[in-house]
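# Structural overview for review
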Amino acid sequence: MTGPIPPVPPVRLAILASGGGSNLQAIIDHFDALGELRAAEVVLVASNRADAGALARARARNIPAAVIANPADGPALVKVLESHRVDCIALAGYLRLVPREVTGRWRGRIVNIHPALLPKFGGAGMYGRRVHEAVIAAGETESGATVHQVDDAYDRGAIVAQERVPVERGDTPDSLAARVLAAEHRLYPRTLHALALKLTAELAISR
């Protein structure tokens, strides 16, 4: 007779970030609020910038923080991620192309959030203020945030989730950015939790 199946622990999530880490904070806060119901936990924050605010946020929460010395060195990044037994990866304002060794190793388990409604206003060089400037210049009436799978090209992976926000008359890139960022902070943690629940179910089946 077999005994009860032990519960599957939370999915081990790594965050790659280049900037201040506001999305990282939203993710941490979301999982904290879920408590024992959380499907994932952040086990590593890594950045290509030693002065990234995201690293300081991680250290303040006793989350392992790592500086990626050479972001193009795929095998080295894989080694860092594997050393923390990472199940899935979320990019949060990470401004470097993820090496193929990483996208291949975590295929289907690595996502990014982009500050526009992909497939519009994505691709190389489209990040931060540039995106919002382009949206306003194009006369768009709405923008938003997109969570998408990550492959070996910028912003090309399959769309996972989106939240739309209006572009208001008189908007500046800064005012639009603030509205989109608020949408990111709502959308990304919920989407990561849903993805982690799906992965948890897959791991349970495989046991």
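Here, every reference points to the structure presented above.
Note that the structure is predicted; figures quoted are calculated from it, not measured.

Now for the overall build of the chain. Broken down by element type, the chain carries 6 helices and 7 strands. When its helices and strands are written in sequence order, the chain yields β-α-β-α-β-α-β-α-β-α-β-β-α. Computed over its C-alpha atoms, the radius of gyration of the chain comes to 17 Å, within 12% of the 17 Å expected for a compact globule of 207 residues. Overall, the chain is about 65 × 35 × 30 Å in size when its C-alpha atoms are taken along their principal axes. Here the chain, with 207 residues, has 44% of them falling under the buried criterion. For the chain, contacts bridging at least 24 residues in sequence account for 67% of all contacts bridging at least 6. By element, 54% of the accessible surface of the chain is carried by carbon and sulfur atoms, the whole surface being about 10500 Å². Within the chain, one finds 24 positive and 21 negative side-chain charges whose respective centroids are separated by 3 Å.

This part is about the environment of Leu16. Note that Leu16 resides in strand E1 (residues 11-16). Setting aside its immediate chain neighbours within four residues, Leu16 contacts Ala46, Ile68, Ile89, Ala90, Leu91, Ala92 and Tyr94.

Membership of the largest hydrophobic core comes to 30 residues, with the highest contact counts inside it found for Leu13, Ile15, Ile27, Val42, Val45, Tyr188 and Leu192. Broken down by secondary-structure element, the contributors of at least two residues to this core are E1, helix H1 (22-34), strand E2 (40-47), helix H2 (53-60), strand E4 (88-91), strand E5 (110-114), strand E6 (142-149) and helix H6 (173-206). With 5 residues, the top contributor of residues to this core is H6. Once residues within four sequence positions are removed from consideration, Val45 is found in contact with Ile15, Leu24, Ala54, Leu55, Ala58, Ile63, Pro64, Ala65 and Ala66.

Attention shifts here to the pattern of salt bridges. Applying the stated criterion to the full structure yields 15 salt bridges. Here Glu133 makes a salt bridge to Arg129, at a shortest N to O gap of 3.0 Å. Here Glu133 pairs with Arg129, and both are found in helix H5 (residues 129-137), just 4 residues apart, close to one helical turn. When its relative accessible area of 37% is taken as the criterion, Glu133 is described as partly exposed. Across the pair Asp174 and Arg129 runs a salt bridge, and its minimum N-O distance is 2.6 Å.

Here we come to the pairing of E6. Within E6, 6 of the 8 residues are buried, which leaves it mostly tucked inside the rest of the structure. Summarising the sheet, E5 and E6 pair through 4 bridges and their orientation is antiparallel. What sits directly across from Val111, in E6, is Gln149. Bridge count for E6 against strand E7 (residues 159-166) is 7 bridges, and the pairing is antiparallel. Counted as the bridge partner of Ser143 is Val165 from E7.

This next bit is on the sheet that holds E5. The 7 strands lie next to each other as E3-E2-E1-E4-E5-E6-E7, forming an open sheet whose pairing is mixed. Taken across any chain shown, the strands that pair with only one partner, and hence form the sheet edges, are strand E3 (65-67) and E7. The sheet shows a mean angle of 20° between the axes of neighbouring strands, taken without regard to direction. By the bridge criterion, 4 bridges tie E1 to E4 in an arrangement that is parallel. Of the residues in E4, the one forming a bridge with Ala14 is Ile89.

Attention now goes to the packing of aromatic side chains. Within the structure shown, the criterion is met by 0 aromatic pairs. Between the NZ or CZ atom of Arg105 and the centre of the ring of Trp106, over which it lies, the distance is 4.3 Å.

Tracing the chain through its elements places Ser47 in strand E2. Taking relative accessible area as the criterion, Ser47 reaches 0% and is therefore assigned buried. A distance of 3.0 Å separates a polar side-chain atom of Ser47 from the backbone nitrogen of Arg49. Once you skip the residues sitting within four places of it in the chain, Ser47 turns out to touch Ala17, Ser18, Ala52, Leu55, Ala66, Val67 and Ile68.

Cut-off values and rules
- By convention here, each chain's residues receive numbers from 1 onward along its written sequence.
- Reporting in this predicted model follows two pLDDT cut-offs: at least 70 for local features of residues, and 80 or more for side-chain atom pairs to be given and counted; totals over whole chains, interfaces and linings ignore these cut-offs and use all residues.
- Only hydrogens and water are removed before side-chain values are computed, so all heavy atoms of the structure are retained for them.
- To qualify as a helix, a DSSP run of H or I must reach at least 4 residues; to qualify as a strand, a run of E must reach at least 2; elements of each kind are numbered from the N terminus.
- In this setup the radius of gyration rests on C-alpha atoms only. A globule is expected at 2.2 Å times the number of residues raised to 0.38.
- Buried means the residue's accessible area, taken with a 1.4 Å probe over protein chains only, is under 20% of the maximum for its type, while exposed means over 50%, and partly exposed covers the values in between.
- Any two residues whose heavy atoms approach within 4.5 Å are treated as being in contact.
- With residues, only the protein chains shown are counted as cover, and all accessible areas are computed by Shrake-Rupley using a 1.4 Å probe.
- In summary, the charge assignment counts Lys and Arg as positive and Asp and Glu as negative, without counting His or the chain termini.
- Note on charges: their place is set at NZ of Lys, CZ of Arg, CG of Asp or CD of Glu.
- For our purposes a nonpolar core is just a set of buried Ala, Val, Leu, Ile, Met, Phe, Trp, Tyr and Cys residues, chained together by side-chain atoms within 4.5 Å.
- What counts as a salt bridge is simple: a side-chain nitrogen of Lys or Arg found within 4 Å of a carboxyl oxygen of Asp or Glu.
- Criterion used throughout: strands pair if DSSP finds at least two bridges between them.
- What counts as an axis is a line fitted to C-alpha atoms, over the stretch in contact for a helix, and the angles between N-to-C directions run from 0 to 180 degrees.
- A pair of Phe, Tyr and Trp rings is counted when the ring centres sit within 6.5 Å of each other, with Trp represented by its six-membered ring. The angle between the planes then sorts it: under 30 degrees is stacked, over 60 is edge-to-face, the rest tilted.
- Here, over-ring charges are defined by two tests on the NZ atom of lysine or the CZ atom of arginine: distance to the ring centre within 6 Å, and angle to the ring normal within 35 degrees.
- Pairs of N or O atoms are called polar contacts if they sit within 3.5 Å, as long as, within protein, a hydrogen donor faces a hydrogen acceptor (for residues adjacent in sequence, only side-chain-to-side-chain pairs).

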